[in-house]
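A structural walkthrough
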Amino acid sequence: MKQAQQLEAKNRLSLREVWQNKTLLKQEIIAGLTGFFAISYIIIVNPVILKDAGIPTDLSVFATIISSVIGCLIMGLFANAPVILTPGMGVNAFFTYTICATMGMSWQVAVAISIVASAIYVLVAFTSLSSVLAKAIPASLKSGITAGIGLFLVEIGLEKAGLIVAGKTSLIVLGNLTSPATLLAIFGILLSVILYLRQVPASFLIGIVVTSVLGVAFGIRDEQSVSVHLSRLAEYHQIVLHGDLSKALTIPFILAAFSMTMILVFESMGLLQGILPDNRKFKRAFQASSVTALISGMLGTSPTVAAAESASGIESGGRTGVMSITAGVLFALSMFFVPLLAYVPQAAIAPVIIITGALMMASIGSIDMHDFAAWFPAFLIIVLIPLTNSISTGLAFGFVFYPILRMASGDGRNVSPAMYVLGGLFLIDLVLSALL
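Residues numbered from 1 in each chain as written. Predicted model: local features only at pLDDT ≥ 70, side-chain atom pairs only at ≥ 80, totals over all residues. Heavy atoms only, no water.

- As named in an unreviewed UniProt entry, the chain is Xanthine/uracil/vitamin C permease, taken from Secundilactobacillus pentosiphilus.
- Within the UniProt record for the chain, the comment given under Sequence similarities (unreviewed entry) is "Belongs to the nucleobase:cation symporter-2 (NCS2) (TC 2.A.40) family. Azg-like subfamily."
- Looking at the chain in UniProt, the text filed under Subcellular location (unreviewed entry) is "Membrane". (UniProt positions renumbered as here; feature names shortened; annotations may be inferred.)

Here's what the structure looks like:
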C-alpha cells in the first residue's frame, strides 16, 4: 500500500519538483538512458527501411534524429509524460512497402499522405473525440493491448537476440545457440533479470553497458550499419518540406491517407493507454504525439509514434517528462556519435526489451477469462499484434470482434455507441488494407 502511494506521488510530480530532488532526477535520467538505448536502433533501422522508398539514407538519419529530438522534448515539456517519440516501426513499413512499393507512389507523395493523416490525427487529439474514444475502450481490451504490445516486444527482443529466426517449415524456429551474439544475449538476459530481481538501481542500464563491453571485448558487432557524415547536414534541406500533394484528390491517395490515419490514431491511443503509468497524462501525451507526427512529415520522414520501448524506461523508474527530455538530449548527441552506436549490439539491447515485454504481459491477469465475449477479442489483440508484426492489425481484429461477440452473448446494449463506430472503422480499415 505504501509503495503504491509512493508511485502515485511520483506520477504527480512536476518537472520543477523532479529537478529539485537529486534522487528522483537521477532515477529519471537513468530511465531516459535506458529507454534511449532500447530504442536507439531506430536511428539505423528507420533510414534503412525508408531507403527502399527512395529517401537518401544519410539524410534520412538526420530526419529520424531531429524528429525524435523534437518529439521527446514536446512530450517531456508539454505532457510531462515518460514516453519516447520516434518514427514508428510498422508505420514506416506501410510508408515504404505499401504506399511506395505496392501502390507505386513516390516518397514525396508518401510524405504528403503522412502529413494529411497526421493533420487529421491532430484534429482528433485536440478535440473531445480523443476523450470519447479513450473512454469507449473496454478494460479487457486495454489490458489486451498492454499484453499484446508486451508480447510484441518479447518477439522483437528474441529476434534481436538471435534466439528465434524465420523457419523453413514453420514461421519461427530456435536460433543458433552456438552463435557468439546469441550467447552474449543469453548472458545479458540472465544478468539483467538477476539485477532486476535484486532491485539494483539502474539494473537495465547496467545490463546494457556490461553486455556491450563484453561484446566489444569479444568482437561481437552487428553487421548492419549506416555511414553518416555530418558534412551531409548541409544537404538535408533536400528532403524537408518536400511533400507532393498533386495526387491528393485521387482514390489511392485518399485510401492510403485513411489507412495511415487509422494506424496513427489507434496505435498511438492503444500504446499510450498500455504503457503510461498515469492515465491522467493521456490527453496531453496523445496531443504531443499528434503534433510530432505532423512535424515529422515536414522533416522528411515517416510519422513518429510513441515507442513501445518507452516501457523499458518506465520499468526503470521513469514517471515524468524528465525521462523523455533525457532521451531527446541523447538523440541530439547521437547525431555526432552515430558510429559509436555500432558498439552497442542488438544482443545488449534485446534482454531489456524481452524483460520489459514480460512485465507488460502481466496485465493478462486483470482480464476476466470467464467472460469469453470480453476475453476472446483481447486474446486476438494479444496474439495478432506479434504474429502479424502490426499493432494496428491486432487492434483492428480485437475492436471488430468485441461488439459482435457482445451482441451474440445478448449484452450488446452495454456496448457504447462509440465502440460500435470504432468496430466499423476498423472493419473498413481491414478491408482497405487488404485492397491496397
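**Re the overall build of the chain**
- Of the regular secondary structure elements, the chain holds 19 helices and four strands.
- For the chain, whose C-alpha radius of gyration is 21 Å, the value lies close to the compact-globule estimate of 22 Å for 436 residues.
- Projected onto the principal axes, the alpha-carbon positions of the chain cover approximately 60 × 55 × 55 Å.
- Residues classed as buried in the chain amount to 56% of the 436 residues present.
- When the accessible surface of the chain is summed, it comes to about 18400 Å², and 67% of that surface belongs to carbon and sulfur atoms.
- Both charge centroids of the chain, one from 22 positive and one from 19 negative side chains, sit 9 Å from each other. (Helix = DSSP H or I, 4+ residues; strand = E, 2+ residues; numbered from the N terminus. Rg over C-alpha atoms; globule rule 2.2 N^0.38 Å. Buried < 20%, exposed > 50% of the residue type's maximum accessible area, 1.4 Å probe, protein only. Areas by Shrake-Rupley, 256 points an atom, 1.4 Å probe, with all protein chains shown as cover. Lys, Arg positive; Asp, Glu negative; His and termini not counted. Charge placed at Lys NZ, Arg CZ, Asp CG, Glu CD.)

**Structural notes on unusual backbone geometry**
- Phi angles above zero are rare outside glycine, and asparagine 80 is one such case at about 50°.
- Mapped onto the elements of the fold, asparagine 80 is located in the loop between α5 (57–79) and β1 (85–87).
- Phi angles above zero are rare outside glycine, and asparagine 389 is one such case at about 60°.
- Relative to the helices and strands, asparagine 389 is located in the loop between α17 (372–388) and α18 (391–408).

**Here we look at the nonpolar core**
- Formed by 110 residues in total, the largest nonpolar core has its most connected members in Val83, Ile113, Met260, Phe266, Phe286, Phe331 and Phe399.
- Setting aside chain neighbours within four positions, we find methionine 260 in contact with Val91, Phe94, Phe95, Ile99, Ile113, Ser114, Ala117 and Pro303.
- Judged by nonpolar contacts, the second largest core, of nine residues, contains Leu163, Leu184, Ile189 and Ala347. (Core = buried A, V, L, I, M, F, W, Y, C linked by side-chain atoms within 4.5 Å. Contact = heavy atoms within 4.5 Å.)

**Overview of the packing of α17 against α18**
- Taken N-terminus to C-terminus, the directions of α17 and α18 make an angle of 165°; their axes are 7 Å apart at the nearest point. Judged by the angle between their axes, α17 and α18 are roughly antiparallel. Between α17 and α18 lies a crossing of right-handed hand. Taken together, the residues of α18 that come into contact with α17 (itself represented by Ala373, Ala374, Phe376, Pro377, Leu380, Ile381, Leu384, Ile385 and Thr388) are Ile391, Thr393, Gly394, Leu395, Phe397, Gly398, Phe399, Phe401, Tyr402, Leu405 and Arg406.
- Among the residues making up the contact of α17 with α18, the classes are represented as 15 nonpolar, four polar and one charged. (Axes fitted to C-alpha atoms, helices over the stretch in contact; angles between N-to-C directions. Parallel < 35°, antiparallel > 145°, perpendicular 65-115°, else oblique. Left-handed = near helix turned anticlockwise from the far one by under 90°. Nonpolar A, V, L, I, M, F, W, Y, C, P; charged D, E, K, R; others polar.)

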